[in-house]
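Listed below are the residues making up each chain.
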Amino acid sequence: MKKTALITCAILMAFSFTGCGATTTLPSDTEISTADTTQLPNPWYDYASLEEASEAAGYSITLPSVEAIEGETFYRVLEPGSDNPTLEIIYNNTDGEEELRIRKAPGSDDISGDYNIYAQTETILEGSQNITFQGNDDTFYLATWSVDGYTYSVSSSAGLSQDAFTELVTQIN
């Protein structure tokens, strides 16, 4: 009896394995991509206005006057509703290229997202805040600072002089 049950199980297993080996024939002109198309979901949420983004972040930001940048402005929040949402404002020029990116978040960590290695780092005391500028050959692309429990970053794709950058960042709160 045990032999019969064992043989029956072996035959059933053999039939179940043959079903797993089914193949499909594709037309000869079909291309098959083996690239990994898995993508992470975008953690940023877009908003139509600064007011909406500020409400989602749970805090506000005072932005500098940037009339010289003509183009679209984007308002985004990273992880709205979390303990540490990041508010981001992106200014694009009329060609759709990014000119300026401003970020604010609770805490004191570097939130810039800029992982470039710059040849020059300068830290100045402006009012009661230390502002760190990073760039090359007296053209600065990144400014970071923390004040009143918030951390800030401003990045400029074209780069600015330290004086122009200081003028810009001192308007942000």
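Visitor: Can you help me understand the overall build of the chain in this one?
Guide: Each helix and strand counted, the chain has 3 helices and 8 strands in total. The order of helices and strands in the chain, counted from the N terminus, is α-β-α-β-β-β-β-β-β-β-α. Going through the 173 residues of the chain one by one, you find that 33% of them count as buried. Residue pairs in contact within the chain that sit at least 24 positions apart in sequence constitute 45% of those at least 6 positions apart. As presented, the chain carries roughly 11,600 Å² of accessible surface, and 51% of it is formed by carbon and sulfur atoms.

Visitor: Before we go on, may I ask you to explain helix 2 (residues 50-57) in this structure?
Guide: In an α-helix, one full turn covers 3.6 residues, which means residues spaced three or four apart are oriented alike. Inspection of helix 2 places Leu50, Ala53, Ser54 and Ala57 among the buried residues, and these make up the whole buried set. The arc that holds the buried residues of helix 2, viewed along the axis, is 100 degrees, so those residues lie on one side. Counted as exposed and oriented over 90 degrees from the buried face of helix 2: Glu51 and Glu55. Structurally, helix 2 contributes buried residues whose contacts are with strand 1 (44-47), strand 2 (73-78) and strand 3 (86-92). Phi turns positive, to about 90 degrees, at Gly58, one or two residues after helix 2.

Visitor: I tried to follow the pairing of strand 3 on my own but got confused; where do I start?
Guide: Within a regular beta strand, the side chains point alternately toward one face of the sheet and then the other, so they alternate between its two faces. The element strand 3 is extensively covered by neighbouring structure, given that 7 of its 7 residues are classed as buried. Side chains Thr86, Glu88, Ile90 and Asn92 project from strand 3 onto one buried face, and the interleaved Leu87, Ile89 and Tyr91 project onto a second face that is buried too. Note that strand 2 and strand 3 share 6 bridges and pair antiparallel. Considered in strand 3, the bridge of Val77 is made with Leu87. Pairing between strand 3 and strand 4 (residues 98-106): 6 bridges, direction antiparallel. Residue pairing for strand 4: Glu88 is matched across the bridge by Arg103. As consecutive antiparallel partners, strand 3 and strand 4 are separated by 5 residues, and within that stretch Gly96 has a phi angle of approximately 85 degrees, a positive value.

Visitor: Can you help me understand the sheet that holds strand 2 in this one?
Guide: Adjacent strands of a sheet form backbone hydrogen bonds with each other and so pair up, either parallel or antiparallel. Here we have 8 strands laid out as an open sheet, ordered 1-2-3-4-8-7-6-5, and antiparallel in their pairing. Here the strands that pair on one side only, and so sit at the sheet edges, are strand 1 and strand 5 (120-126). Direction aside, the axes of adjacent strands within the sheet are offset by 20 degrees on average. Contacts from helix 2 reach strand 1, strand 2 and strand 3 within the one sheet, and its direction differs from that of strand 2 by about 10 degrees.

Visitor: Which parts of the structure should I look at to understand the nonpolar core?
Guide: The nonpolar side chains of soluble globular proteins are, as a tendency, buried together. Core analysis: the largest hydrophobic core is formed by 27 residues, its most contacted members being Leu87, Trp145, Val154 and Phe165. Among the secondary structure elements, those contributing two or more residues to this core are helix 2, strand 2, strand 3, strand 4, strand 6 (129-136), strand 7 (139-147), strand 8 (150-160) and helix 3 (162-169). Considering every element that reaches this core, the biggest residue donor is strand 7, with 4 residues. Setting aside its immediate chain neighbours within four residues, Val154 contacts Leu100, Arg101, Ile102, Tyr141, Leu142, Ala143, Trp145, Phe165, Leu168, Val169 and Ile172.

Visitor: In this structure, what is going on with the side chain of Ser156? I would like to understand it.
Guide: The topology assignment puts Ser156 in strand 8. Here Gly159 takes part through its backbone nitrogen, which lies 3.1 Å from a polar atom of the side chain of Ser156. Excluding residues within four positions of it along the chain, Ser156 makes contact with Glu99, Leu100, Tyr141 and Phe165.

Conventions used here
Residues numbered from 1 in each chain as written. Predicted model: local features only at pLDDT ≥ 70, side-chain atom pairs only at ≥ 80, totals over all residues. Heavy atoms only, no water. Helix = DSSP H or I, 4+ residues; strand = E, 2+ residues; numbered from the N terminus. Buried < 20%, exposed > 50% of the residue type's maximum accessible area, 1.4 Å probe, protein only. Contact = heavy atoms within 4.5 Å. Areas by Shrake-Rupley, 256 points an atom, 1.4 Å probe, with all protein chains shown as cover. Arc of directions from axis to C-beta. Pairing = 2+ DSSP bridges. Axes fitted to C-alpha atoms, helices over the stretch in contact; angles between N-to-C directions. Core = buried A, V, L, I, M, F, W, Y, C linked by side-chain atoms within 4.5 Å. Polar contact = N/O pair within 3.5 Å; in protein donor to acceptor, adjacent residues only side chain to side chain.

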